[in-house]
Amino acid sequence: MNEVLKAIKSRRSLRKYRPEQIKQEELNMIIEAGIYAPSGHNSQPWHFTIVQDRKVIEHINDISKKIMATMEIEWIKNLGLDPDFDVTYKAPTLVVVSGKKDVPSSEIDCCAAVQNMLLAAESLDIGSVWLGFVIFGIKNQEEAKKLNVPEGYEPYYAFVLGYKEKDSYPDVPSRNYDVVNYIR
Ligand SMILES: Cc1cc2nc3c(=O)[nH]c(=O)nc-3n(C[C@H](O)[C@H](O)[C@H](O)COP(=O)(O)O)c2cc1C
């Protein structure tokens, strides 16, 4: 199997990380993979905020969980109320992906960038998990301002990065292959 297909199949959402920070050279390669994502009309409407300050990551965890705890969807509410649940899984690097509000394909382009970065991370043997919950906390304009998200951009998604904790690699969640039709 070639290296790209190998990375696609071996990437897993990792929820346990070693505490040490990843190397700047590795992070640079991951960010560049995001910058090379396709985008509608080559708009490149993304902005990446790299958060490596433990206190800021913990604050984002707290505000996200507070909002989750008020939600009607039972399983999300329960996670918000669970004192042991950490939305960022104590990973050392959090990447917030914001997109230009006035670009029609902005959110889709940002998703393409996220996936490129997760695959780049896997190719470097760095763990990652795409995070939707974190956005509950940082969608708030005041919080986005604290992260220096540029004017005219909105945080869409986030993910964390970190070295994989040994023996913590999750099983592959089952895949449904019955999702294809052919017109020939
Ligand atoms: C848009 C999106 C949001 C997600 N949000 C979270 C999240 O907040 N927390 C989490 O642990 N996993 C999150 N995930 C990861 C999914 O649970 C995971 O991709 C899925 O279970 C398949 O597992 P795999 O990534 O190991 O293949 C998210 C994935 C996507 C695409």
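None of the values given here were measured: they were computed from a predicted structure. (Residues numbered from 1 in each chain as written. Predicted model: local features only at pLDDT ≥ 70, side-chain atom pairs only at ≥ 80, totals over all residues. Heavy atoms only, no water.)

Undergrad: Which parts of the structure should I look at to understand the overall build of the protein?
TA: Regarding its fold elements, the protein presents seven helices and four strands. Taken from the N to the C terminus, the helices and strands of the protein come in the order α-α-β-α-α-β-α-β-α-α-β. Taking 16 Å as the expected radius of gyration for a compact globule of 184 residues, we find that the protein reaches 17 Å, a close match to that expectation. Projected onto its principal axes, the C-alpha coordinates of the protein cover approximately 50 × 45 × 40 Å. The burial tally for the protein puts 43% of its 184 residues in the buried class. (Helix = DSSP H or I, 4+ residues; strand = E, 2+ residues; numbered from the N terminus. Rg over C-alpha atoms; globule rule 2.2 N^0.38 Å. Buried < 20%, exposed > 50% of the residue type's maximum accessible area, 1.4 Å probe, protein only.)

Undergrad: What's the story with the environment of Val-180 in this structure? I'm lost.
TA: Within the element layout of this structure, Val-180 appears in the segment after strand E4 (153–163). For Val-180, a relative accessible area of 55% corresponds to the exposed category. Counting along the chain gives 45 residues from Val-180 to Ile-135, while the straight-line C-alpha distance between them is 32 Å.

Undergrad: In this structure, what is going on with the sheet that holds E4? I would like to understand it.
TA: Consider a sheet: its strands pair through backbone hydrogen bonds, and that pairing is either parallel or antiparallel. Pairing within the open sheet is antiparallel, and its four strands lie in the order E1-E2-E4-E3. The two strands at the open ends of the sheet, each matched to only one other strand, are strand E1 (46–51) and strand E3 (126–131). Neighbour-to-neighbour, the strand axes of this sheet turn through a mean angle of 25 degrees, independent of strand direction. In this sheet, E4 lies alongside E3 in antiparallel orientation, the contact comprising six bridges. Counterpart to Ser-128 in the pairing with E4 is Leu-161. Its contacts with the sheet put helix H2 (residues 24–35) on E1, strand E2 (93–100), E3 and E4, and the angle it makes with E1 is roughly 160 degrees. (Pairing = 2+ DSSP bridges. Axes fitted to C-alpha atoms, helices over the stretch in contact; angles between N-to-C directions. Contact = heavy atoms within 4.5 Å.)

Undergrad: I would appreciate a short explanation of unusual backbone geometry in the present structure.
TA: Peptide bonds are mostly trans, and most non-glycine residues show a negative phi. Its identity as a non-glycine residue notwithstanding, Gln-44 has a phi of 40 degrees, on the positive side. Within the element layout of this structure, Gln-44 appears in the loop between H2 and E1. Here Tyr-89, not a glycine, exhibits a phi torsion of approximately 55 degrees, which is positive. Along the polypeptide, Tyr-89 turns up in the loop between helix H4 (74–81) and E2. Note on Tyr-89: relative accessible area 18%, which makes it buried.

Undergrad: Help me out: how do you make sense of the packing of aromatic side chains in this one?
TA: Across all of its chains, the model carries six aromatic pairs by this definition. Between the aromatic rings of Trp-130 and Tyr-157, the centroid separation amounts to 5.5 Å while the plane-to-plane angle is 80 degrees, which identifies the pairing as edge-to-face. In this pair, Trp-130 is assigned in strand E3 and Tyr-157 in strand E4, connecting sequence segments 27 residues apart. For Trp-130, a relative accessible area of 29% gives the class partly exposed. Members of the aromatic cluster, joined through ring pairs, are Trp-75, Phe-85, Tyr-89, Phe-133 and Phe-136. (Phe/Tyr/Trp six-rings, centres within 6.5 Å; stacked < 30°, edge-to-face > 60°.)

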